[in-house]
Amino acid sequence: MSTLLEVSGVSVSFDGFRAINNLSIQIAEPELRAVIGPNGAGKTTFMDIITGKTRPDEGRVLWGEKSVSLLSLSESQIARQGIGRKFQKPTVFEAQSVRENLRMSLKNPRGPFDVLLARGKPDDETRIDEIAAEIGLTEALGRRAGELSHGQKQWLEVGMLLAQDPRLLLVDEPAAGMTPAEREHTTDLLKRAAQTRAVVVVEHDMEFVRRLNCKVTVLHEGSVLAEGSLDHVTKNKDVIDVYLGR
Amino acid sequence: MATTDMAGPGFRPAPDRRPFILRNPSVMYFLAALAVFTLGVTLLSEATGVGFLSTSFVKTLGKTLCLCLVAVAMDVVWGYCGILSLGHMAFFGIGGYAIGMWLMYARTEIIVAESLAASVIPPTPDEVRDAIGSQIFGVVGASEFPWVWGFASSLPLQLLMVVAVPGLLALVFGWLAFRTRVAGVYLSILTQAMTLALALYLFQNDSGLRGNNGLSGLQNIPGYGETSQDVISIAFFWASALALALGYVLFAWVVSGKMGSVVRGIRDNEARVRFLGYHVESYKLFIFTLTAVVAGIAGALYYPQAGIINPAELAPIASIYLAVWVAVGGRGRLYGAVIGAAFVSLLSSWFTGGGAPAINLGFYRIQWTDWWLILLGLSFVGVTLFAPKGIGGLFDLIAERRTPDRTGDYGPNDGAWRKEEGREE
């Protein structure tokens, strides 16, 4: 296990409000990590910083064996480094078919001319079918993504992440709006993905986190409050205070 | 255009190796319709047919085909990529100016040569050039050739300018605008400013392009002085039809397949495309520049049929009309743009040309030359509010195929999730 992502001493404020305050987290590869915390703890901002959407005021974000600084890269460059992100609200391309959504996500050259002149490879279609089977959308491949149910859109977005074949998956509340059976399926899928890559799951739902059975980082007011197994952090006095009120 | 794989559940298409056109029936139908139309006009024209259509009407039809071509380009940049450019007629105008410079120069050269042929001493090349200069620029009180006319004597070079100048302008303008992530209504305003600035510059007498006189006599093709306009009009009509056919196929190819997915993805949710690893700005720049080049070509075919080009052609209103045509015809489908441009521009010339009978209300007489713009404005508002799919939407009814309305507004450059993204992230 080697360190894949190193966030150290990162701070960012919006109009004087410190959303992230001297945050340091390390993610190894492979690893499954849950990030929990009350509303406003900075969970989404943490993901925004890694994916390049928000630039921190200070601190370092280093990536991979060569310790590339992600802060100097654009969103699309960061994505091409192998960081995939699933949004809290399912964001798929609703006007396009499930197949098109997945095809666009597949790991292939991303330049305009590469894409324009790309010829459909049979391998790609096979890979799309595999992913569709994994996310239970084989029957829906030809349908427009906008016609899917909320849960199916969640699945599609997970599928798009898998298609990207990233080294680090950032997953924001994957189980929101899912039935218990679907949640179980999601847990399995994330656990399986975490055998070969790093997966960071931001979640509110403690039951879901318990099922992931992994190392947990508790965020509060933009910094790490506690880190360890779920049982360890839930026994922590500070965590109890934050979650149950002072 | 319909997506390529709307197959049933679980259907796994074998890789389709048929030619592109066969895989896209709508392109084939369009080309067939265009071929039938071209053949019909040819058989009815004065030069090659029974003479039912006047030469001036053939020219109007040829010009309309050029407008359809620039509308298709506009549909790609707006309807597919979500960039509401209100400056694409500037590229159209530049194409017209580029070809107009050669037409004027070459024709004046012939006239000057004829008049100097009578003189006892053969004129030196400098004398010929001065004579051409004072012929062309006398109207703005100059006789020197400005630097922009440097290539005007050469048809190949000036044809290169038809694509190079709009292409380079779009490339530089787009690079500056997209790089700084100017989007939505701000980008629309910026493109308006670009076309307005160009028009104002060209209005100046010392811009080197004859100020508000513009370039004229463009219908006289040098070297074909003896050929009648009947023949020239039908030749340009064919050229315009061919250009439209090629442009349509080119754009249908660009917006199909994976490129089309990415481009439509950028329209609907730019941020998401970025997080998939695509460099959105490069894609926008590619589409913006490619459509500008095609607009330039369309302009180069249009103005020889119109006979005259002046800076008013680059006024912002022209680009707004272009957006209206595409909206009326139906955004996001290429044949919609063609229908919109043909329908609205032909209707416009019928109304403003006095073709439509005035309506007498007793207390007021509706003169269509005055009221046409108001009718057009009202129908634009009506289409936007009640039929966002435009005239092209009728094809869905005929085919009984349902394309779900896009969620959220069609705002200039915004994705369906704009509001949600603003709130949450």
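Data block above holds the structure.
Counting restarts for each chain, with residues numbered from 1 along the sequence as it is written. Each chain takes a letter, starting from A, and each ligand takes a number, starting from 1, following the order in which they are written. Where local features are concerned, this predicted model is filtered to residues with pLDDT of at least 70; where side-chain atom pairs are given and counted, the filter is 80 or more; whole-chain, interface and lining totals use all residues.

Student: Quick rundown of the sheet that holds strand β9 (residues 215-220) of chain A? Include the residues and the values.
Tutor: Residues and elements named next belong to chain A. Spatial strand order, β6-β7-β8-β3-β9-β10: 6 strands in an open sheet with mixed pairing. Both outer strands of the open sheet, β6 (83-86) and β10 (223-228), are each paired with one neighbouring strand and no more. Across this sheet, the average inter-strand angle for adjacent strands is 20°, counted without regard to direction. By the bridge criterion, 4 bridges tie strand β3 (residues 31-36) to β9 in an arrangement that is parallel. Note on β9: the bridge partner recorded for R33 is K215. Each of β3, β6, β7 (168-172), β8 (198-202) and β9 is contacted by helix α1 (residues 43-50), which is oriented at about 150° to β7, the strand it contacts most. Lying on the sheet, helix α7 (residues 180-193) is in contact with β3, β7 and β8; it crosses β8 at an angle near 145°. Strands pair, by our definition, only if DSSP identifies at least two bridges between them. A run of H or I in DSSP becomes a helix once it reaches four residues, and a run of E becomes a strand once it reaches two; helices and strands are each numbered from the N terminus. Angles run from 0 to 180 degrees between N-to-C directions of axes, and those axes are lines fitted to C-alpha atoms, restricted for helices to the stretch in contact. For every residue pair, C-beta atoms are placed from the backbone, and the pair is scored as a contact if these atoms sit within 7 Å.

Student: With reference to specific residues and values, describe the packing of helix α12 (residues 316-329) of chain B against helix α13 (residues 334-352) of chain B.
Tutor: All names here are of chain B. Interhelical geometry of α12 versus α13 gives an angle of 115° and a closest axis separation of 7 Å. As for the relative orientation of α12 and α13, their crossing is right-handed in sense. Contacts from V324, W325, V326, V328 and G329 of α12 reach α13 at G336, A337, V338, I339, G340, A341, F343, V344 and S345. Here the contact of α12 with α13 is built from residues that sort into 10 nonpolar, 4 polar and no charged. Note on convention: the crossing is left-handed when the near helix lies turned anticlockwise from the far helix by less than a right angle, right-handed when the turn is clockwise. Classification convention: Asp, Glu, Lys, Arg as charged; Ala, Val, Leu, Ile, Met, Phe, Trp, Tyr, Cys, Pro as nonpolar; all other residues, Gly among them, as polar.

Student: Account for the sheet that holds strand β4 (residues 58-63) of chain A, naming residues and giving values.
Tutor: Within a sheet, each strand pairs with its neighbour through backbone hydrogen bonds, oriented either parallel or antiparallel. Residues and elements named next belong to chain A. In space, the 4 strands of this open sheet follow the order β2-β1-β4-β5, with antiparallel pairing throughout. Only two strands of the sheet have a single neighbouring strand rather than two, namely β2 (17-29) and β5 (68-69). Here strand β1 (residues 2-14) pairs with β2 via 9 bridges, running antiparallel. Bridge pairing links E6 to Q26 in β2. α1 rests against β1, β2 and β4 of the sheet, and its axis sits at about 65° to β2.

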